[in-house]
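# Structural features, examined
Residues per chain, in single letters:
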There are 2 protein chains.
Amino acid sequence: MPRVEPTDPARPEPESEPASESGSESGSRAERKERTRRAILDAALALAADSNLAAISLRQVAKQVGVVPTAFYRHFGSLELLGLALVDESFRSLRLMLLDVWRHAPEYRDFIDGSLPIVAQHVRENRSHYAFIARERTAGPPRVREAIRHEIDLITRELATDIARSGAAEQYSSADIGLLADLIVSFVVTMAERLVDDPEAEERTLAQARTQLRMLLVGALNWRSREPADGGSR
Amino acid sequence: MPRVEPTDPARPEPESEPASESGSESGSRAERKERTRRAILDAALALAADSNLAAISLRQVAKQVGVVPTAFYRHFGSLELLGLALVDESFRSLRLMLLDVWRHAPEYRDFIDGSLPIVAQHVRENRSHYAFIARERTAGPPRVREAIRHEIDLITRELATDIARSGAAEQYSSADIGLLADLIVSFVVTMAERLVDDPEAEERTLAQARTQLRMLLVGALNWRSREPADGGSR
DNA sequence: CTTGACAGTGAACGTATGTTCACTCAAATA
DNA sequence: TATTTGAGTGAACATACGTTCACTGTCAAG
């Protein structure tokens, strides 16, 4: 039986079923496996927070979860694959949040005041995931870095098509729309990094980001693409 | 054995002086110490490039340098202090480069076309240092992270005073100048990260960055600060 | 009721880690 | 010339690492 002696990793998992059993070994076989998997993901997330993924060990994770090191391999082939799983779940949640943002952005004016608080709230509620992404984006194993960059690229493209659709697509070349989307996403990534880094300063960070985003969009509104094939050959 | 370092144990040290002695033990006592110190810094820089500072070991560094592990302590008390030294030397070089940039920026138009190539060249010639900064900025030991953030803050402030001096300081509140400087520095940091990440794409990255920086400055030129102390809140 | 699948166990392995300590021996100082 | 200094040595330590292997006990399918 799995012992639960280390720092209590009580599952705050939203169970659709009313958990009649308070013990840690309830549920079906598959449910128990999934619970261990979650515990491993959470433990890795917590341990990596004090340094980074490449600096933690399989044995530390296993110890924190309360299982023997070998049990790790039943769930992940390596720490790198664990990292990819964390990237996956981080961006799955992020994309759901972005659906809200897309919806609440009918005009440019509302775009900022409507979107930023939603993003900030999501960062606040998923701090460890954002911290993970911010760190591993530049310092993670190559495959993890690539996965994160790919996800951000996808988001940038979505924002670009959204700008092209709802904005004045006439005055911008499609290349310039892409560049604008990239500028915005890069800025929001930077802002998210700051929210993660210093949660206490959320209010100030947000106020500044709002002004900066407005500066940026003033630039966009006064922008005229010169030639069709200006700087962007795609 | 997850990773190996097939690095040649030979000294790849670029000597500017015509080495009359082919051996590696010329010079005074202090010079020899300094040479070992440099070798340690370079070795750590190279080893961290495959993961990050927190993931490498004192022994790996010592092995790569070609000294016994204990010799490390004659130069640095810990890997963290080594990291701080690397931050220091990275930004010392960076600041020298920025002096050039400040000088060659009399107008906004020239600011972009004159500055970006200088920055790009510096990144190209100091790739390993920029890679180090980019990684450790988010994933390094806390004190290293803090040191990097502090250096970037100083640069941002310098840019702000430079904008206030040479630009039209009338139409912006001082707070907004700071926000604009932060916007620019953040963007350049992102651009530098990309140059480091994919040196092959330097030309395209630079072309896009030039357009994006122009978008950003169009925003700045059309910006009017609403109230003295506040941002553009409505 | 039997049986196979399989999450988790526990020992064992060879190797790598940080740090200590007493030491050498050539250059710098006196 | 005699002495001090200090960069680099090499052994030793306790601990941690990833990975292997044969195992156990229980849930679910046959």
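Residues numbered from 1 in each chain as written. Chains lettered and ligands numbered in written order. Predicted model: local features only at pLDDT ≥ 70, side-chain atom pairs only at ≥ 80, totals over all residues. Heavy atoms only, no water.

As recorded in an unreviewed UniProt entry, chain A goes by TetR family transcriptional regulator and comes from Nocardioides ganghwensis.

In the region of DNA strand C, 18 residues are neighbours, and Thr 36, Arg 74 and His 75 of chain A together with Ser 57 and Arg 59 of chain B sit closest. Near the protein, within 4 Å, the atoms of DNA strand C are sugar or phosphate in 44% of cases. Interatomic distance of 2.6 Å between a side-chain N/O atom of His 75 of chain A and a phosphate oxygen of DNA strand C. Within the contact set of DNA strand C, a base nitrogen lies 2.4 Å away from a side-chain nitrogen or oxygen of Arg 59 of chain B. Listing elements by their share of the surface near DNA strand C, those giving two or more residues are helix H1 (29–48) of chain A together with helix H2 (58–65) of chain B. In terms of residue class, the surface near DNA strand C is made up of five nonpolar, seven polar and six charged. (Near = heavy atom within 4 Å. Polar contact = N/O pair within 3.5 Å; in protein donor to acceptor, adjacent residues only side chain to side chain. Helix = DSSP H or I, 4+ residues; strand = E, 2+ residues; numbered from the N terminus. Nonpolar A, V, L, I, M, F, W, Y, C, P; charged D, E, K, R; others polar.)

Our focus in this paragraph is the relation of the copies chain A and chain B. Between chain A and chain B, which share one sequence, the superposing operator has a rotation angle of 180 degrees and an axial displacement of 0.0 Å; the RMSD is 0.0 Å. Within this description, the copies of the chain are treated as partners about a two-fold rotation axis. In terms of proximity to the rotation axis, the leading residue of chain A is Gly 219 of chain A, whose C-alpha is 1.6 Å off the axis. (Least-squares fit on C-alpha atoms with pLDDT ≥ 70 in both.)

Between chain A and chain B, the residue contacts involve 34 residues of the former and 36 residues of the latter. Summed over both sides, the interface between chain A and chain B buries roughly 3300 Å², with carbon and sulfur atoms accounting for 57% of that surface. It is Leu 179, Met 215 and Trp 223 of chain A that lose the most area in chain A upon contact with chain B, and together they represent 19% of the buried surface on that side. The salt bridge partner of Asp 197 of chain B is Arg 149 of chain A, with a shortest N-O separation of 3.3 Å. Counting only elements with at least two residues in the side of chain A that touches chain B, the list comes to helix H5 (127–139), helix H6 (142–166), helix H7 (174–197) and helix H8 (202–221) of chain A. With eleven residues, H7 of chain A is the single largest residue contributor to the side of chain A that touches chain B. Taken together, the residues of the side of chain A that touches chain B break down into eleven nonpolar, eleven polar and twelve charged. (Contact = heavy atoms within 4.5 Å. Buried area = accessible area lost by both parts, 1.4 Å probe. Salt bridge = Lys/Arg side-chain N within 4 Å of Asp/Glu carboxyl O.)

This brings us to the UniProt feature "DNA-binding region" (unreviewed entry) in chain A. Within this numbering scheme, the UniProt entry marks residues 57–76 of chain A as carrying the feature "DNA-binding region" (unreviewed entry). As a span, residues 57–76 of chain A carries 40% helix and 0% strand, and end to end its C-alpha atoms are 13 Å apart. (UniProt positions renumbered as here; feature names shortened; annotations may be inferred.)

Direction vectors running N to C along H8 of chain A and helix H7 (residues 174–197) of chain B enclose 75 degrees, while the axes themselves pass 10 Å from each other. It follows that H8 of chain A is roughly perpendicular to H7 of chain B by the angle criterion. Between H8 of chain A, through Gln 208, Thr 211, Gln 212 and Met 215 of chain A, and H7 of chain B, the contact on the second element is made entirely by Asp 176, Leu 179, Leu 180, Asp 182 and Leu 183 of chain B. Looking at the contact of H8 of chain A with H7 of chain B, its residues break down into four nonpolar, three polar and two charged. (Axes fitted to C-alpha atoms, helices over the stretch in contact; angles between N-to-C directions. Parallel < 35°, antiparallel > 145°, perpendicular 65-115°, else oblique.)

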